[in-house]
Protein chains: 2
Amino acid sequence: MGTDAAATTAGKVVWHTTMSLDGFIAGPGDSMDWALRADLGPTEAGTAMIRDTGAILAGRRWYDMSLTRPDWAPYGGSWQGPVFVLTHRPPAPPPGSQVAFVSGEIRDAVATARTAAAGRDVVVFGPTVAQACLDADVLDEILVHVVPVLLGDGVRLFARPGADRPVQLQRTALAESGQLTDLRFEVTRR
Amino acid sequence: MGTDAAATTAGKVVWHTTMSLDGFIAGPGDSMDWALRADLGPTEAGTAMIRDTGAILAGRRWYDMSLTRPDWAPYGGSWQGPVFVLTHRPPAPPPGSQVAFVSGEIRDAVATARTAAAGRDVVVFGPTVAQACLDADVLDEILVHVVPVLLGDGVRLFARPGADRPVQLQRTALAESGQLTDLRFEVTRR
């Protein structure tokens, strides 16, 4: 492993999400059916992200959804590895699962996931965790798959009422995968 | 003009807007400074849109802002033509202006703008008018310039609380203009 670049360079912390054009990552009632159009993907950017993912840091909402929806397994089951769920109320870990619960500071959770990722990327699932990473200035990149639909309501990509300090980004990649638009950004550190 | 394709074919009704990655077309307090980054544009898609614009149909908010901000002139003053402002409380038209106020049904307002556009496109400014066009099923396309920034609050691209019928789109164009990402969509009619 000593010559493996992925193992010897520091991985990135990447927020990976699917979004409607109008900025929702889930519809009302956490619906995701709008993201299942036949003319979307497969996406090269998504495939590359799966390859580069060393660990996942997810929010409690994602975990609770994953218990009831098999398709909410990381990358639909096409990836195996350590998953850390950030929660203030850790439940008993499900038997045989690679899920571990972490509490406390976001920086510590990211550090734990980084160690587990062993030089590959830490992928963040969920806007609450991602926003905490942004606030702590530990988010490196955002990979968004934009679905050509207007939802009008649901779970927002980024919600910060009264925000007076925009988060500046730099687009580093742009691609289309069928009707999906893949956008990748670096977060400009403060 | 009889052989001019633009004059003999029906123009489209196009919602043209700038948007933050997280789906805001204006920040808190209608701020637009986030869209003035030096690394954005000029955009070919925007230039083509200006060329194709025969008339503008705008909302009252846009009009009120245009009175106080010279940069809110249509396309920063680089376009001249008829502007229709949809409002239930028409003020006195400013002297020497190409602005006309229209009230009543959105379909009638669009028809008025279409006539004035004489075969070229009617461009819609403002989410309230655009949403009314969507509801009346008279919006043909959406052209969005995505600015690489997260605002977290402000005026939403599309807000419809409790929406249970997503508006399906088909992406027809994708381009980058510096750090700006230009996305064009056709609205799937119901």
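The notes below deal with the structure included here. Given the structure is predicted, the values throughout are model-derived calculations rather than measurements.

This part is about the interface of chain A and chain B. Interface size is often expressed as the accessible area that is lost when the parts come together. Between chain A and chain B, the contact holds 41 residues from the first and 41 residues from the second. When chain A packs against chain B, close to 3300 Å² is buried across both sides, 56% of that on carbon and sulfur atoms. When the area that chain A buries against chain B is broken down by residue, the three leading residues are Leu21(A), Leu150(A) and Arg171(A), summing to 22%. Summed over the shared surface of chain A and chain B, the result is 2 salt bridges. Of the charged contacts, one joins Arg171(B) and Glu176(A) as a salt bridge, the two residues approaching to 2.7 Å between their closest N and O atoms. For the interface between chain A and chain B, the tally reads 28 residue pairs in polar contact (both at pLDDT 80 or more). Of all the elements in the fold, those that place two or more residues in the side of chain A that touches chain B are β1 (13–20), β7 (141–147), β8 (149–150), β10 (167–177) and β11 (180–187) of chain A. Per element, the largest residue contribution to the side of chain A that touches chain B is 8 residues, and it comes from β10(A). In this structure, β10(A) lies alongside strand β8 (residues 149–150) of chain B, joined through 2 bridges in antiparallel fashion. Following the sheet pairing, Gln168(A) is matched in β8(B) by Val149(B).

Before going further, it helps to spend a moment on the pairing of β11(A). All names here are of chain A. For β11, a buried count of 7 out of 8 residues is recorded, marking the element as mostly surrounded by other parts of the structure. Sheet topology note: the β7/β11 ladder contains 6 bridges and is antiparallel. Within β11, the position partnered with Leu143 by the bridge is Arg184. As judged from the 8 bridges shared by β10 and β11, these two strands associate in the antiparallel manner. The residue of β11 that forms the bridge with Arg171 is Phe185. Hairpin connection from β10 to β11: 2 residues lie between these consecutive antiparallel strands, with Gly178 at a positive phi of about 60°.

Let's shift gears to the packing of aromatic side chains. Residues and elements named next belong to chain A. As enumerated under the stated definition, the model contains 6 aromatic pairs over all chains in all. Plain terms: the ring middles of Trp62 and Phe125 are 5.8 Å apart, the flat faces sit at 55° to each other, and that makes the pair tilted. Remark: Phe125 occurs in strand β6 (residues 121–125) and Trp62 occurs in helix α3 (residues 60–68); sequence separation between them is 63 residues. A ring pair is formed by Tyr75 and Phe125, whose centres lie 5.6 Å apart and whose planes are at 80°; its orientation type is edge-to-face.

Moving on, we come to the environment of Val167(B). Turning to its location among the elements, Val167(B) is positioned in strand β10 (residues 167–177). As a C-alpha pair, Val167(B) and Arg190(B) span 23 residues in sequence and 8.8 Å in three-dimensional space. Apart from residues lying up to four places away in sequence, Val167(B) is in contact with Pro148(A), Val149(A), Leu150(A), Leu134(B), Phe158(B), Val187(B) and Arg190(B).

Parameters and conventions
- Residues numbered from 1 in each chain as written.
- Chains lettered and ligands numbered in written order.
- Predicted model: local features only at pLDDT ≥ 70, side-chain atom pairs only at ≥ 80, totals over all residues.
- Heavy atoms only, no water.
- Contact = heavy atoms within 4.5 Å.
- Buried area = accessible area lost by both parts, 1.4 Å probe.
- Salt bridge = Lys/Arg side-chain N within 4 Å of Asp/Glu carboxyl O.
- Polar contact = N/O pair within 3.5 Å; in protein donor to acceptor, adjacent residues only side chain to side chain.
- Helix = DSSP H or I, 4+ residues; strand = E, 2+ residues; numbered from the N terminus.
- Pairing = 2+ DSSP bridges.
- Buried < 20%, exposed > 50% of the residue type's maximum accessible area, 1.4 Å probe, protein only.
- Phe/Tyr/Trp six-rings, centres within 6.5 Å; stacked < 30°, edge-to-face > 60°.

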